[in-house]
Amino acid sequence: MATFLYTTGRSAFRRRGLVTLLWLAVLVAVGLAASTAPPPPADTFSMPGTESQRAFDVLKEKFPAASADGATARVVVRAPAGQKLADPAQKAKVEGLVAALAKAPGVVSASDPFRTGTVSKDGTTAYAVAGYKASALKLTDEEHDGLDAVLEKSRADGLTVEAGGDAVKVEAAMGGAEGVGILVSAVVLLLTFGSLVAAGMPLLTAVIGVAVGSAAVTALGSTLGLSATTSTLAMMIGLAVGIDYALFIISRYRAEISEGRERADAAGRAVGTAGSAVVFAGLTVIIALAGLAVVNVPMLTKMGLTAAGTVAIAVLIALTLVPALLGFVPVKVMPRLERRAIQGKPLTARLQRRADRLAARSGPNLGTRWARFVVRRPLLVLAVGVLGLGALAVPAASLRLGLPGEGTMALDTTQRKAYDMLSESFGPGFNGPLTITVQAKDAATAAGAVGRELAAVDGVTTVTPATPNAVGDTAVLNVVPSSGPTEHRTEELVTTIRAKAAGIERDTGAEILVTGQTALFIDFSRTLDEAMLPYLGLVVGLAFLLLVLIFRSLLVPLKAALGFLLSVSAALGAVVAVFQWGWLAGALGIEQPGPVMSTLPIFMIGVVFGLAMDYEVFLVTRMREAYVHGAGPTEAVVTGFRYGGRVVSAAAIIMTSVFSGFILETNDFVKMVGFSLATAVLFDAFVVRMALVPALFALLGRSAWWLPRWLDRLLPNMDVEGEKLNRRPSVPLEKGGPVPHPAPAHRAGAEHDYSA
């Protein structure tokens, strides 16, 4: 593989104009296809095989008129202090509100709370439901503004008015914090490379890769059923790995140039060695993302596959476009000191002073010093790292999953205010009623019996009268719990009702199904929880086989997988402690501790596993390369950190800073995503890869690279470390190219990093 990738990188460098034009042509082509493609379909959510989904399918079939996808707004009204809504003056205001709602743009119906009986027992609070013709995703600004105007007018009349439901516009909570993360990334790249050109190239190529992937998703949206939000994960992962992969290639190119290689040869060797690591690291990310299909939730499957496609594009860009761009600026990607040496120019007075300072303090770089510390005290480092991550992982045993709703929004949003008003006046379960479908020959009679049975269940506040369909073979009734939608008691109530329904089915022959948004969220959380172990087994198992192929070792892949599980467990424990238990909630601005988002563990595993294997492959392939070329086990560890430690640290800091930006947002679930990914990357990169990995190598010695002889004969030699490249004859200099230069004297055996 190294030889093939060497040829690819060298050819891309020499034919840089053609390669760049081809990528620009691809970008323009997918952009044009996206601009002319039909609009993507609306977001749909389904969970095949769950009871909630079967019940929704029954409602759609048996109650076609009620299954319209029009948006709704639930407008909650409260009288001024000391007054009742039934008072003539207040009643007139409420009736005026209902009349204005009915005339608002896009509204097809508006209920009167005095006629529908949706007034609280104390007479102070009521709600009206406005139905829209269009779905929530297709509501226009005019329709949103019309609803806002009605609410403002009623507030001016002295009523307290708030609104919830999918017709209410969700204000964007992003405050530009993600931009801060990208700015930090640029600064880290600049400090790492000491060159504006080298710092900007990973950002440029990553953006191009994300643009190609996003445009392709848009172009294929209507054909493959990809909604507008399908590419969300793809953009995040594509940007992350795109920066990492370009960073790895450029770093290796600079190292090859510093060793005096001819430029095209340096580009070829960079792609042949670091590019091999990029290919296999990309494959692990693709496996992790495509493995989301195991969950059997179509939305997650599509998100995972599109993100995997974007990662594949990022790999191709790293192997072709990055060396092509290096061909345009072969020297400018180097630090100024080396640039002057390569070009044969004298140093300015300021650069000479800097060179003198570097020469005075020359010695092993930070990565070398850290690696030597770890290999001298491996047991201490291993104990501290494992015990520390293990302690952080303890809260993960109390993990409780849920999905976000209006009750988890910021306290100053109208949706949250409406939610709280309904909970105070009608009970916490009113915001999450359960829908029961009953199918029988005489559905009305059967549903009446079911309602009486359920009314006696502990935890049920109200059971509404049954509503049969026109044929009479299906009826629907609603159950209002005494607990809120996200409370554990509600989940237990759903389990109890389903168990009781099974007994009623045996006695009556009726088919009873429980659904509703609350039941759907519970089923979704359970589905993800049940899929966790199969998903982990698939992803870790396939990655283990891939790493065996890369490193030709059994123990290296095993410790890589175990280290990943340790870092993810610690990150989940931190998430539970902060967002579920409320530790540091005030410091992080978390308004309401509660369940952890159901999709978080699966997404975190996929994202962090890919990034962790990136760091593992890049760092350990450097060690493997040194070991194959004759270095001892301990010396190989030090060599790997000498050349790879700084790059891996920079990549981890970049990812941590990008993810940490989301912690500054106002939405608790956005905070949760940013916090979980930032802590997981931090733990995995700096504790597992930078501490536990070298400690284990020091303890295992040569046995770390042990592989049974029979397996060694069966496995193909992928030559990730580029051993075959060292057997190649010297590449002649390009005509007019620079003379290979020796490392300057102040480099101290090439251990010093100019970008420091």
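Let us look at the structure shown here.

Cut-offs and rules
- Residues numbered from 1 in each chain as written.
- Predicted model: local features only at pLDDT ≥ 70, side-chain atom pairs only at ≥ 80, totals over all residues.
- Heavy atoms only, no water.
- Patch = residues over 30% accessible without salt bridge, like charges linked within 9 Å, V, L, I, M, F, W, Y side chains within 5 Å.
- Areas by Shrake-Rupley, 256 points an atom, 1.4 Å probe, with all protein chains shown as cover.
- Salt bridge = Lys/Arg side-chain N within 4 Å of Asp/Glu carboxyl O.
- Lys, Arg positive; Asp, Glu negative; His and termini not counted.
- Charge placed at Lys NZ, Arg CZ, Asp CG, Glu CD.
- Helix = DSSP H or I, 4+ residues; strand = E, 2+ residues; numbered from the N terminus.
- Buried < 20%, exposed > 50% of the residue type's maximum accessible area, 1.4 Å probe, protein only.
- Pairing = 2+ DSSP bridges.
- Axes fitted to C-alpha atoms, helices over the stretch in contact; angles between N-to-C directions.
- Contact = heavy atoms within 4.5 Å.
- Parallel < 35°, antiparallel > 145°, perpendicular 65-115°, else oblique.
- Left-handed = near helix turned anticlockwise from the far one by under 90°.
- Phe/Tyr/Trp six-rings, centres within 6.5 Å; stacked < 30°, edge-to-face > 60°.
- Lys NZ or Arg CZ within 6 Å of the ring centre and 35° of its normal.
- Core = buried A, V, L, I, M, F, W, Y, C linked by side-chain atoms within 4.5 Å.
- Polar contact = N/O pair within 3.5 Å; in protein donor to acceptor, adjacent residues only side chain to side chain.

**Brief notes about a negative patch on the surface**
Side chains of Asp 141, Glu 142, Asp 145 and Asp 148 sit close together on the surface and give a patch of like negative charge. With respect to the helices and strands, Asp 141 occurs in helix 6 (residues 141-156).

**Observations concerning the pairing of strand 4 (residues 160-164)**
Summarising burial for strand 4: four of the five residues are buried, a large majority. Pairing of strand 1 (residues 72-78) with strand 4, which is carried by five bridges, proceeds in the antiparallel orientation. Within strand 4, the residue paired with Val 77 across the bridge is Val 161.

**Examining the sheet that holds strand 2 (residues 107-110)**
Spatially, the four strands line up as an open sheet ordered 2-3-1-4, and their pairing is antiparallel. What marks the edges here is a single partner per strand, and that holds for strand 2 and strand 4. Across the sheet, the mean angle separating the axes of adjacent strands is 25° when strand polarity is ignored. Of the strand pairs in this sheet, strand 1 and strand 3 (residues 125-132) are connected by seven bridges, and their pairing is antiparallel. Bridged to Val 75 within strand 3 is Ala 128. Along the sheet face, helix 4 (residues 88-103) touches strand 1, strand 2 and strand 3 and points at about 155° away from the line of strand 2.

**Concerning the environment of Ser 676**
In this fold, Ser 676 is placed in helix 25 (residues 668-700). Between the C-alpha atom of Ser 676 and that of Val 608, which follows or precedes it by 68 residues, the distance is 9.7 Å. If we skip the residues at most four places from it in the chain, Ser 676 touches Ala 571, Val 575, Leu 600 and Met 604.

**Some details on the packing of helix 4 against helix 6**
Helix 6 packs onto helix 4 with a crossing angle of 165° between their chain directions and a minimal axis gap of 10 Å. Judged by the angle between their axes, helix 4 and helix 6 are roughly antiparallel. Crossing hand, helix 4 versus helix 6: right-handed. For the pair helix 4 and helix 6, the contacting residues are Leu 97, Ala 100 and Leu 101 in the first and Leu 147, Val 150 and Ser 154 in the second.

**Some thoughts on the packing of helix 15 (residues 366-376) against helix 24 (residues 633-660)**
Two elements in contact, helix 15 and helix 24, have axes whose closest approach is 7 Å; the angle formed by their N-to-C orientations is 150°. Classified by the angle between their axes, helix 15 and helix 24 sit roughly antiparallel to one another. Considering only the axes of helix 15 and helix 24, their crossing is right-handed. Between helix 15 and helix 24, the contacting residues are Gly 367, Thr 368, Trp 370, Ala 371, Arg 372 and Val 375 on the first element and Thr 634, Val 637, Val 638, Phe 641 and Arg 642 on the second.

**Side note on the packing of aromatic side chains**
Tallied over the full model, the rule gives nine aromatic pairs. Cluster of aromatic residues (ring-pair linked, three or more members): Tyr 127, Phe 426 and Phe 430. The ring of Phe 13 has Arg 16 sitting right over it, with the charged end atom 5.7 Å from the ring centre. Cation over ring: Arg 74 sits above Tyr 127, and NZ or CZ is 5.8 Å from the ring centre.

**Here's the deal with the nonpolar core**
The nonpolar side chains of soluble globular proteins are, as a tendency, buried together. Tyr 245, Phe 564 and Tyr 615 are the most contacted members of the largest nonpolar core, which has 149 residues in total. Broken down by element, this core gets its largest block of residues, 18 residues, from helix 23 (residues 600-628). Among all residues touching Tyr 615, those that are not within four sequence positions of it are Asp 244, Phe 248, Val 648, Ala 651, Ala 652, Met 655, Val 681, Ala 685 and Arg 689. One finds Ala 71, Val 75, Leu 101 and Val 107 within the second-largest nonpolar core, a separate group that totals 25 residues.

**Re the environment of Val 129**
By the secondary structure assignment, Val 129 is in strand 3. Sequence separation of Val 129 and Val 76 is 53 residues, and the distance between their C-alpha atoms is 8.8 Å.

**A few points about the side chain of Ser 649**
The topology assignment puts Ser 649 in helix 24. A polar side-chain atom of Ser 649 sits 2.8 Å from the main-chain carbonyl oxygen of Gly 645. Other than its neighbours up to four places away in sequence, Ser 649 contacts Phe 686 and Met 690.

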